[in-house]
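# Tertiary structure, described
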Amino acid sequence: MHRITLSTPDDFDGWRTAARRLAVAGVDPADVTWQVGDTPADLFAPDPLPPEPLRAAFSVPRAFIDLAEKAILHSDPERFALLYALLVRLRDRPGTMEDKADPLLRRVDALAKAVRRDIHKMRAFVRFREVEEDGGTRFVAWFEPDHHIVRANAGFFFRRFATMRWSILTPELSIHWDGETVREGPGATRADAPDGDPVEALWKGYYAAIFNPARLKTGAMLSEMPKKYWRNLPEAALIPDLIAGAQAREAAMIATAPTPPKRQGNAATVWAGIRDEAMACTRCPLYKDATQTVFGEGPLDAPLFFIGEQPGDQEDQAGRPFVGPAGQLFDQALGEAGVDRSRAYVTNAVKHFKFVRQGKRRLHQSPDAGEIQACRWWLGQEIDLVRPRLIVALGASAARAMLGKAVTISRTRGTAIPLESGAEGWVTVHPSYLLRLPDETKRAEERARFVEELRSIGERVKALA
Ligand code: URA
C-alpha cells in the first residue's frame, strides 16, 4: 500500500508527480491511499517506486490535464483516487477521454463541472466592503466556497481589481492584494469581515434598478443565487421585498395580458443545460477577465430574436443582456415601436465582456472575428432551440454572427435575408451607435429611423406568425 501525502487540498502538482510515477510503475489504484496535510508519508519512502518502470512512459491528452486541474479542487475526499484511476485507465485505453459513456470519466467530469460552477459563483457573488486602514482604503470580502477554489480563482480577482487593495476571507484561507504583491493568510470567520458600509448602499440602488418583475423566476433565481450566498450580498436584503412586489405586479400584468404561448416540451430544461455549460465556457480567452457568461434570455418559443454584440460593463456584473445604457435605449425604442421585449428572446453574439482597463474604468472593446466565431457555438444552439421566425442583428458584430461573414450595415439594412435556420434575418444598427453620435440632430434622426425599423419588424413578425 502506498500512502501519498499532498501538501494542500488543491495540490495539483503534488498529485501529478506522484500519480505519474505510480502509473508508470504499474501501481494498481486499489493499492494507493491519498491524504492531505502534515501526516508523515510513512509507507511511501523517499524512493518508493521500483527502480525500473514496469512500462514505458506514456502521455495523456491535454483535455485530461484540464479536467484534472479542475476536478482536484472538488471537496470530495475521493477525488485524488478517482483521478488516479482515470489516469491508469488512460494509460491502458488512450481513447478514454472520447468515451463519454465511461462511468469513471463521467464521475470526474461531474466533479469538474461542480468546481467550475463554484468558481463562477465566487466571481459573481463576492462583494467587497470598504474599510479604512493605515495607508488607505482596503476592500474586504467574505466568501464560503463549496470547493477548494480560492487559490485557483485568485488570478481573476487580481486582474479584475488590479488597482484596489483588497482581501478575500474564506474559512480555508485568505488572500490579500496590495496592488503589487499577494499574500496568503490563514482561514477566517464571517466575524472577521466588516458588515455594512456606504458601498452597500450603491449596490442596493443598482440592484433595485436592474430588477425586472416580469422576468422574475424565483426557482431560477434560487438556483443561480443560492440562499447560502444571500447573507453576503447587500442587495439580497432587498430580495424578499422585490419578490413580493414582483408577484403582485406580475399578477396584475397576467390579468391584463394575453395568455403567453406554451413552452415546447422540455425546452426549458435543455436551455438551462446549455446555459449552464456556457457558464463554464473557455472557447476563447475572454472568459478570463469577464465576471461571468451573460447568456440570452426570453421566452423559448419567441417568434422574435434579437442579437446584440456582447455584454457591457453593467451586463457583465448583472449577468443579463441589455440592462445598461444601451439596453435602456433599446427598451425605450422597442416601447415606442410597440414591440414587447418580454415576448422576444434577447442575446448577444459574444457572451463575455471584452474590455481594456483604464484606471478604474473598463472600456468596451469590440470582439474580433475569432471570438465571434467561437461564440457562434452558443448562438447556434439558442437559435436551434427557440426557432424564431425573425432574427434581428443589432450592429456589425451581431450581423457577422448571424450570417457567418462580415457585412456592411448600410448595405444590408432594410432587406430581409433568408437564414439557414429558416428564419428571416434583418440587420440594423446597434443602440450604442445611437448613444455615441455626437450631433444631436443626427442622433434624433437616426433614433427615429431605428424606432421605425423596429415598428416594421414588429409588424413583419405578426405577419409571419
Ligand atoms: N450591448 C450589447 O450588444 N449587448 C448587451 O447586452 C449590452 C450592450
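Description of the structure in this document. Residue positions are counted from 1 within each chain, in the order its sequence is given. The predicted nature of this model means local features are confined to residues of pLDDT at least 70 and side-chain atom pairs, given and counted, to a pLDDT of 80 or more, with totals for whole chains, interfaces and linings taken over all residues. With hydrogens and water stripped out, all remaining heavy atoms of the structure feed into the side-chain values.

### A closer look at the packing of aromatic side chains
- What counts as a ring pair is set by centres within 6.5 Å for rings of Phe, Tyr and Trp (its six-membered ring), and what kind of pair is set by the plane angle: stacked under 30 degrees, edge-to-face over 60, tilted for all other angles. Counting across every chain of the model gives 16 aromatic pairs.
- The interplanar angle of 90° and the centroid separation of 5.0 Å between the aromatic rings of phenylalanine 156 and phenylalanine 157 together place this pair among those described as edge-to-face. One exposure class covers both phenylalanine 156 and phenylalanine 157, and it is buried.
- Ring plane angle 75° and centroid distance 6.1 Å describe the contact between tryptophan 377 and tryptophan 378, whose orientation is recorded as edge-to-face.
- Under the scheme applied here, a residue whose accessible area is under 20% of the maximum for its type counts as buried, over 50% as exposed, and between as partly exposed, the area being computed with a 1.4 Å probe on protein chains only. Judged by relative accessible area, which is 4%, tryptophan 378 ranks as buried.
- Put simply, the rings of Phe12, Trp15, Trp34, Phe64, Phe80 and Tyr84 pair up and form one aromatic cluster.
- We call a charge positioned above a ring when the Lys NZ or Arg CZ atom is no farther than 6 Å from the ring centre and deviates by at most 35 degrees from the ring normal. A cation sits over an aromatic face here: lysine 351 above phenylalanine 295, 5.8 Å from the ring centre.
- We note arginine 362 situated over the ring of phenylalanine 355; from NZ or CZ to the ring centre the distance is 4.8 Å.

### Observations regarding helix α12 (residues 325-337)
- Strands are runs of DSSP state E lasting at least two residues, helices are runs of H or I lasting at least four, and both sets are numbered from the N terminus onward. What a helix is expected to span follows from its residue count: subtract one and scale by 1.5 Å. Compared with an ideal rise of 1.5 Å per residue, which puts 13 residues at 18 Å, α12 spans 18 Å between its outermost C-alpha atoms and is within 8% of the ideal.
- Along α12, the residues that are buried comprise Ala326, Gly327, Leu329, Phe330, Ala333, Leu334 and Ala337. Here the buried residues of α12 occupy an arc of 160° about the axis, which is enough to place them on one side. In this context, the arc is that of the directions from the helix axis out to the C-beta atoms.

### Side note on the nonpolar core
- What is meant by a nonpolar core is a set of buried Ala, Val, Leu, Ile, Met, Phe, Trp, Tyr and Cys residues, joined one to another through side-chain atoms within 4.5 Å. By size, the foremost hydrophobic cluster in this structure holds 59 residues, and its most contacted members are Leu304 and Phe306.
- In terms of residue count, the dominant contributor to this core is helix α13 (residues 369-386) (eight residues).
- Any pair of residues with heavy atoms lying within 4.5 Å of one another is described as a contacting pair. Here phenylalanine 306 is in contact with Phe330, Leu334, Ala344, Tyr345, Val346, Thr347, Val392, Leu394 and Leu454, once residues within four sequence places are set aside.
- Counting 56 residues, the second largest nonpolar core, distinct from the first, contains Met122, Phe156, Trp166 and Ile175.

### Brief notes about the sheet that holds strand β9 (residues 344-348)
- By this definition, two strands are paired if DSSP reports at least two bridges between them. Strand order in the open sheet formed by five strands is β9-β8-β12-β14-β13, and the pairing between neighbours is mixed. Unpaired on one side and paired on the other, β9 and β13 (417-418) mark the two borders of the sheet.
- Where β13 and strand β14 (residues 424-428) come together, two bridges link them in antiparallel fashion. The residue of β14 that forms the bridge with isoleucine 417 is glycine 425.
- Fitting a line to C-alpha atoms yields each axis, with helices limited to the stretch in contact; the angle taken between N-to-C directions then spans 0 to 180 degrees. The strands that helix α14 (residues 396-403) touches are β8 (304-308), β12 (390-394), β13 and β14; relative to β12, the one it contacts most, it runs at about 140°.

### Concerning the side chain of serine 167
- One can find serine 167 in strand β5 (residues 166-169).
- Beyond its immediate stretch of four places on either side in the chain, serine 167 contacts Phe128, Arg138, Phe139, Val140, Ala141, Ile175 and His176.

### Let's talk about the pairing of β5
- Alternating positions in β5 separate into two faces, Trp166 and Ile168 on one and Ser167 and Leu169 on the other, with burial throughout.
- When the strands point away from the viewer and the connection leading from the first strand across the helix to the second strand turns clockwise, the crossover is called right-handed. Crossover connection from strand β4 (residues 136-142) via helix α5 (residues 150-160) to parallel β5: handedness right-handed.
- Sheet analysis places β5 next to strand β6 (residues 173-177), joined by four bridges and oriented antiparallel. The partner of serine 167 across the bridge, within β6, is histidine 176.
- Turn length for the β5-β6 hairpin, with the two strands adjacent in sequence and antiparallel, is three residues.

### With respect to the site of the ligand
- By convention in these notes, a residue is near a molecule or strand provided one of its non-hydrogen atoms lies within 4 Å of it. Around the ligand, the neighbouring residues are Gly308, Glu309, Gln310, Pro311, Gly312, Glu315, Pro321, Phe322, Asn348 and His430.
- Contact between the ligand and phenylalanine 322: an oxygen atom at 2.8 Å from a main-chain N or O atom of the residue.
- In the environment of the ligand, an oxygen atom lies 2.6 Å from a nitrogen or oxygen atom belonging to the side chain of histidine 430.
- Taking 230 Å² as the accessible area of the ligand by itself, protein coverage stands at 93%.
- The residue classification treats Ala, Val, Leu, Ile, Met, Phe, Trp, Tyr, Cys and Pro as nonpolar and Asp, Glu, Lys and Arg as charged. All others, Gly included, are polar. Of the residues that constitute the shell around the ligand, the class distribution is three nonpolar, five polar and two charged. Polar contact criterion, stated in full: a pair of N or O atoms within 3.5 Å, where within protein one must be able to donate a hydrogen and the other to accept it, and residues adjacent in sequence count only if both atoms are side-chain atoms. Here the Shrake-Rupley method, with its probe set to 1.4 Å, supplies the accessible areas, and only the displayed protein chains count as covering residues.

### Examining the sheet that holds β4
- On the basis of which strands lie adjacent, the open sheet formed by five strands has the order β3-β4-β5-β6-β7 and mixed pairing. The strands lining the two open edges of the sheet, one partner per strand, are β3 (129-133) and β7 (182-186). Sheet twist, expressed as the mean angle between neighbouring strand axes with direction ignored, is 25°.
- Across four bridges, β4 lies against β5 in parallel orientation. Paired with alanine 141 across the two strands is isoleucine 168, which belongs to β5.
- Of the strands in this sheet, β5, β6 and β7 are in contact with α5, which crosses β6 at around 20°.

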